[in-house]
Amino acid sequence: IHGTYVDGGAFLSAFEILKRLAVDQRYDVEVLIVDSAKKEVKDAIENIGINCIVLKRWNFTVFGRLLIGYLTVSRLKTYINVFRDLAFSFYNINKFNIIVRETKPDIIHFNSIVMLPLCYFSKTGSKTIVHCREGFRPFPFMNIRSWVIKLFNSSVSKFICISKNEKDKIDKFKKESYLSI
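Every chain is numbered on its own, with residues counted from 1 as its sequence reads. For this predicted model, a pLDDT threshold of at least 70 governs which residues receive local features, and a threshold of 80 or more governs which side-chain atom pairs are given and counted, while totals over whole chains, interfaces and linings are taken from all residues. Water and hydrogen atoms were dropped before computing side-chain values, which therefore reflect all heavy atoms in the structure.

This part takes up the layout of surface pockets. Here a cavity is any set of points on a 1 Å grid over the protein atoms alone where a 1.4 Å probe fits but cannot get out, and a pocket is any open set with protein on both sides within 12 Å along at least 5 of 7 lines; a residue lines the site when it has an atom within 4 Å of a point. Grid points are joined across faces, edges and corners, and a volume is the space filled by probe spheres set on the points. Estimated volume of the largest pocket: approximately 960 Å³. Around the largest pocket sit 29 residues that line it, and Val-29, Glu-30, Ile-107, Ile-108 and His-109 are the ones nearest its centre. Counting from the N terminus, the helices are DSSP H or I runs at least four residues long and the strands are E runs at least two residues long. Mapped onto the lining of the largest pocket, the elements with two or more residues apiece are helix H1 (9-23), strand S1 (30-34), strand S2 (51-55), helix H4 (76-103) and strand S3 (107-110).

Rendered as structure tokens:
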């Protein structure tokens, strides 16, 4: 789960799926939470009976936020934080892979396209789903975001797109490999 707040879009979209899975006893569900999330995110998931593992903070989230237009791009501090995030994220990939090997999931659902690099560099053997819900709107790093999606989409089994606009954009990179809800 990448999502800082309980009432944020990244969390809410994944939480709806988790609530349904918590009721359906056919599946064992475990959630990995990026450490940048508030404690209330972990509490909400555990309150519906699902176990959580908290990952270290560096999991491409600052880089991803830049790619979706969430960060101010005119500040030197932003670029320093993005570079630091990339460096530490690459360093932590092995830790993520160890957790995944230990839990042996059938499917890994990344609840934000900002997690795409983590998905790509995770050599887990599991099917992967990336939830594309951030929208494709014009902003300074749009071309870089498109390049990242083009480069990293080969690791994704399916994309979940929440709008026709997102589906059409993803189609440019990965034909017939999407779900639209």
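After that view of the structure, there is still more to cover.
A word on the packing of aromatic side chains. Here is the rule: rings of Phe, Tyr and Trp (six-membered ring for Trp) pair when centre to centre is within 6.5 Å. Planes less than 30 degrees apart are stacked, more than 60 are edge-to-face, and the remainder are tilted. Taken as a whole, this structure holds four aromatic pairs when the rule is applied. Judged by centre distance (5.0 Å) and plane angle (75 degrees), the ring pair of Phe-90 and Phe-121 falls under edge-to-face. In this pair, Phe-90 sits in helix H4 while Phe-121 sits in helix H5 (residues 116-121), placing the two residues 31 residues apart along the sequence. With a centroid separation of 5.5 Å and an interplanar angle of 70 degrees, the aromatic rings of Phe-121 and Phe-152 are classed as edge-to-face. Separated by 31 residues along the polypeptide, Phe-121 in helix H5 and Phe-152 in helix H6 (residues 142-152) bring together distant segments of the chain. With relative accessibility at 25%, the residue Phe-121 sits in the partly exposed group. Residue Phe-152 is classed as buried on the basis of its relative accessible area, which comes to 8%. The rings of Phe-90, Tyr-120, Phe-121 and Phe-152 are connected pair by pair, giving a single aromatic cluster. Only protein chains enter the accessibility calculation, which uses a 1.4 Å probe; a residue is then buried when its area is under 20% of its type maximum, exposed when over 50%, and partly exposed in between.

Next up on the list: helix H7 (residues 164-171). Buried within H7 are the following residues: Glu-166, Lys-167, Ile-170 and Asp-171. Within H7, the buried residues cover an arc of 140 degrees as seen down the axis, which keeps them to one side. Of all possible arcs, the one meant is that of the directions from the helix axis to the C-beta atoms.

On their own, these measurements won't tell you what the molecule is for.
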